[in-house]
Number of protein chains: 2
Amino acid sequence: MALLRAREVIMAHFRPMLARHDITEQQWRVLRVLAETGPLEATELANRASILPPSLTRIIKALEEREFISRNKVKDDGRRALLAISPTGLALIEELAPERAAIYEAIEKRYGAAEHERLLDMLDSLIQSESTEG
Amino acid sequence: MALLRAREVIMAHFRPMLARHDITEQQWRVLRVLAETGPLEATELANRASILPPSLTRIIKALEEREFISRNKVKDDGRRALLAISPTGLALIEELAPERAAIYEAIEKRYGAAEHERLLDMLDSLIQSESTEG
DNA sequence: ACCTTGTAGTTAACATGTGAATTACATCTA
DNA sequence: TAGATGTAATTCACATGTTAACTACAAGGT
């Protein structure tokens, strides 16, 4: 599957950066979503980060232990909890942001910025066509 | 990551089929490669199926126990072994082939055959541009 | 022959993917 | 208000992804 291979070669560029800071790709995704979107409940966070609930439970636990995120129970509903990125977590994201941008720029330079954008559009279109009609 | 989501929505169509026959996506990929290419050594098989060696070791073990594949040591080199699909495994692949084709046709119908092909070309191009210069 | 280096596979340890079952809580309804 | 149903999150069991370490064998050099 071409999608699988494409994802591999792209992520290969980011792994060294993530390894240096001792976080996984998924933990990074969770932190980025929280940094960009603000506090979220677990279900919404799982959707936005494309992570399944069981995985998210474990990731939250790990990130909480390292104090990258905090959780506050929602009043009036004992099931839900609001997850928010902490100052420490936010600092990490911001520290990685320039490197992340540089890596994407390098990819665009090799592959072509226009091609890159067109590819993203096509992928979004594919996702839409499949997820709506199902 | 758009690549991740795209892969998810595509694979979602195949999962019910695979679950019915009690094989995983990766096991299916291994069997397909062996069916299409003929007997291979583990390293080559891992590359073609985009599976890492440790995973392949486990998958081979599982497929061997179910007698979907066979392994024969290579003469003159005690490290290598030739992996080949068995008649049982081949029968499974051939049984699934029509359904697989139908699913891809349905996707092309929704998404557009030309778009589909263009997307594959772009992905291959991306893979090339990253894996060669890396 | 011995030692070094390289290669093919495997094992280990930990994180995530995936589906099913379970818990805790909400809500609805009789 | 008790019971049925629905929802959010977790837990369980197993398969894979990922890196590092390790074993087994091969090839070369001394």
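Our subject in this report is the structure included herewith. (Residues numbered from 1 in each chain as written. Chains lettered and ligands numbered in written order. Predicted model: local features only at pLDDT ≥ 70, side-chain atom pairs only at ≥ 80, totals over all residues.)

Let us look at the protein's contact with DNA strand C. Around DNA strand C there are 24 residues in total, and Ser-55 and Gly-78 of chain A together with Thr-43, Pro-53 and Pro-54 of chain B lie nearest to it. Sorting the residues of the surface near DNA strand C by element identifies helix 2 (25-37) and helix 4 (53-65) of chain A together with helix 3 (42-49) and helix 4 (53-65) of chain B as the ones contributing at least two each. The element best represented in the surface near DNA strand C is helix 4 of chain A, accounting for 5 residues. Grouping the constituent residues of the surface near DNA strand C by class yields 10 nonpolar, 7 polar and 7 charged. (Near = placed C-beta within 6 Å. Helix = DSSP H or I, 4+ residues; strand = E, 2+ residues; numbered from the N terminus. Nonpolar A, V, L, I, M, F, W, Y, C, P; charged D, E, K, R; others polar.)

Time to look at the interface of chain B and chain A. Listed by partner, the interface residues are 25 residues for chain B and 25 residues for chain A. Taken together, the elements giving at least two residues each to the side of chain B that touches chain A come down to helix 1 (2-20), helix 5 (87-111) and helix 6 (113-133) of chain B. For the side of chain B that touches chain A, the leading source of residues is helix 6 of chain B, giving 12 residues. (Contact = placed C-beta atoms within 7 Å.)

Residue and element names in this part refer to chain B. Phi is positive for Ser-50, which is not a glycine, with a value near 55 degrees. Positionally, Ser-50 belongs in the loop between helix 3 and helix 4. We classify Ser-50 as partly exposed; it has 15 C-beta atoms within 10 Å. A positive phi angle is found at Glu-67, which is not glycine, with a value near 60 degrees. Mapped onto the elements, Glu-67 comes out in the loop between helix 4 and strand 2 (69-73). Judged by the 11 C-beta atoms lying within 10 Å of it, Glu-67 is exposed. (Buried ≥ 20, exposed ≤ 12 C-beta atoms within 10 Å, placed from the backbone.)

Interpretation note: all reported values are geometric properties and have no functional meaning in isolation.
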